[in-house]
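A structural walkthrough
These are the residues of each chain, in order.
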Amino acid sequence: MAINQNDFAVPIPEGQSGPKQCQLSPEDEFDYSQRGQWLRAAVLGANDGLVSVASLMMGVGAVKQDAKAMILTGFAGLVAGACSMAIGEFVSVYSQLDIEVAQMRRENRTVGNQEEKEIEQLPNPMQAALASALAFSLGAIVPLLAASFIGDHKVRMGVVVAAVSLALVIFGWIGSVVGGTPVVKSCVRSLLGGLMAMAITFGLTKLFGTSGL
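Residues numbered from 1 in each chain as written. Predicted model: local features only at pLDDT ≥ 70, side-chain atom pairs only at ≥ 80, totals over all residues. Heavy atoms only, no water.

**Re the nonpolar core**
As a reminder of what qualifies: We call a set of buried residues a nonpolar core when its members are Ala, Val, Leu, Ile, Met, Phe, Trp, Tyr or Cys and they connect through side-chain atoms within 4.5 Å of each other. Residue exposure (1.4 Å probe, protein chains only): buried if accessible area is under 20% of the type maximum, exposed if over 50%, otherwise partly exposed. Runs of H or I in DSSP of at least four residues are treated as helices and runs of E of at least two as strands, each being numbered from the N terminus. Contacts: residue pairs with any heavy atoms within 4.5 Å of one another.
Core analysis: the largest hydrophobic core is formed by 26 residues, its most contacted members being Leu50, Val53, Met57, Phe136, Val160 and Val164. Of all the secondary structure elements, the ones that give two or more residues to this core are helix H2 (36-63), helix H3 (67-106), helix H5 (125-148) and helix H6 (153-179). If sequence neighbours within four positions are ignored, Val53 has contacts with Asp48, Gly74, Gly77, Leu78, Phe136, Ala140, Pro143 and Leu144.

**Here's the deal with the packing of aromatic side chains**
Filter applied, for reference: Only the six-membered ring of Trp is used, alongside the rings of Phe and Tyr, when aromatic pairs are assigned; centres must lie within 6.5 Å, and planes under 30 degrees apart are stacked while those over 60 apart are edge-to-face, with the rest tilted.
Inspection of every chain in the model, using the stated rule, returns one aromatic pair. Ring plane angle 55° and centroid distance 5.4 Å describe the contact between Phe90 and Tyr94, whose orientation is recorded as tilted. With a gap of four residues between them, Phe90 and Tyr94 both fall in helix H3, about one helical turn apart. Accessibility expressed as a relative area gives 28% for Phe90, which makes it partly exposed.

**Brief notes about the side chain of Ser165**
Rules: Polar contact is defined as a pair of N or O atoms within 3.5 Å, subject to the rule that within protein one atom must be able to donate a hydrogen and the other to accept it, and that residues adjacent in sequence are counted only when both atoms are side-chain atoms.
Relative to the assigned elements, Ser165 resides in helix H6. A residue is classified by how much of its surface remains accessible, and Ser165, at 17% relative accessible area, is buried. Here Val161 takes part through its backbone oxygen, which lies 2.7 Å from a polar atom of the side chain of Ser165. In contact with Ser165, not counting residues within four places along its chain, are Leu191 and Leu195.

**Points about the confidence of the model for the protein chain**
For clarity, the cut-off: By definition, pLDDT measures how confident the predictor is in each residue, and it falls between 0 and 100.
When pLDDT is averaged along the protein chain, the result is 80; 74% of the residues meet or exceed 70. Predicted confidence in the protein chain is weakest over helix H1 (residues 26-29), with a mean pLDDT of 48, and strongest over H5, with 92. Note on residues 15-22: pLDDT is under 50 here. Beyond four places in sequence and across chains, it has one contact. Note on residues 26-32: pLDDT under 50 across the span, and seven contacts to partners over four residues away in sequence or across chains.

**Points about the environment of Val183**
Looking at where Val183 falls in the secondary structure, it is placed in helix H7 (residues 183-211). Separated by ten residues in sequence, Val183 and Trp173 place their C-alpha atoms 5.7 Å apart.

**Here's the deal with the environment of Ala163**
On the secondary structure map, Ala163 appears in helix H6. The partly exposed category is assigned to Ala163, whose relative accessible area is 22%. Note: C-alpha distance between Ala163 and Ala147 (16 residues apart in sequence) is 9.5 Å. Beyond its immediate chain neighbours, meaning those up to four positions away, Ala163 contacts Val142 and Ala146.

**Description of the packing of H6 against H7**
Note the cut-off: Every angle, taken between N-to-C directions, lies between 0 and 180 degrees, and every axis is a line fitted to C-alpha atoms, over only the stretch in contact when it is a helix. By definition, turning the near helix anticlockwise from the far helix through less than a right angle yields a left-handed crossing, and turning it clockwise yields a right-handed one. Residue polarity is assigned by list, with Asp, Glu, Lys and Arg as charged and Ala, Val, Leu, Ile, Met, Phe, Trp, Tyr, Cys and Pro as nonpolar; anything else, Gly included, falls into the polar class.
Look at H6 against H7: their axes get within 8 Å of each other, and the N-to-C directions meet at 150°. Crossing geometry of H6 relative to H7 is assigned as right-handed. Contacts between H6 and H7 pair Met157, Val161, Val164, Ser165, Leu168, Val169, Gly172, Trp173 and Ser176 from the former with Val183, Ser186, Cys187, Ser190, Leu191, Gly194, Leu195, Met198 and Phe202 from the latter. Split into classes, the residues belonging to the contact of H6 with H7 amount to twelve nonpolar, six polar and no charged.

Pasting the structure below:
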């Protein structure tokens, strides 16, 4: 008796009917690029505030031992930098918003209430401006606090460098954890960049200050 090959079937256990698929953990499936917009503004603002104000204070400290002049310079840098960051971020995000809205209307993708809902999902210029100013201020306050309670000039300069270095490492660590990037690489990059900025500002200011220009 011949066996019809078309009627012959091998039973396959349930759950094994196809190739085994690689299952990703929730961490692997998470798209870290979704955090990019606010992370970029926050880390950039905090690092700018920290490095720029610390460099200003180091530059003044290179030619003057007056603590008041050093702190006032840092405070002026905080206010000016926060305003600059806020205005720059507001203009940038508002320009992006105008482009996105114009593109949606050109493509006729939205009508009426649907258009309003899609526009609400776009970046908010005012929120971005406030976030950048706040982040800059939080970074800038570190060297100001470090220098405010130290009387001796050399000790004050050393404390500022130490406090800023620690803050740079912390900011680099926060950015790496939130962004899902290598921790050591991010911390080292942040630290070296900040130290270089302070050293260059200190050296050039010292050079021009002592040359009588």
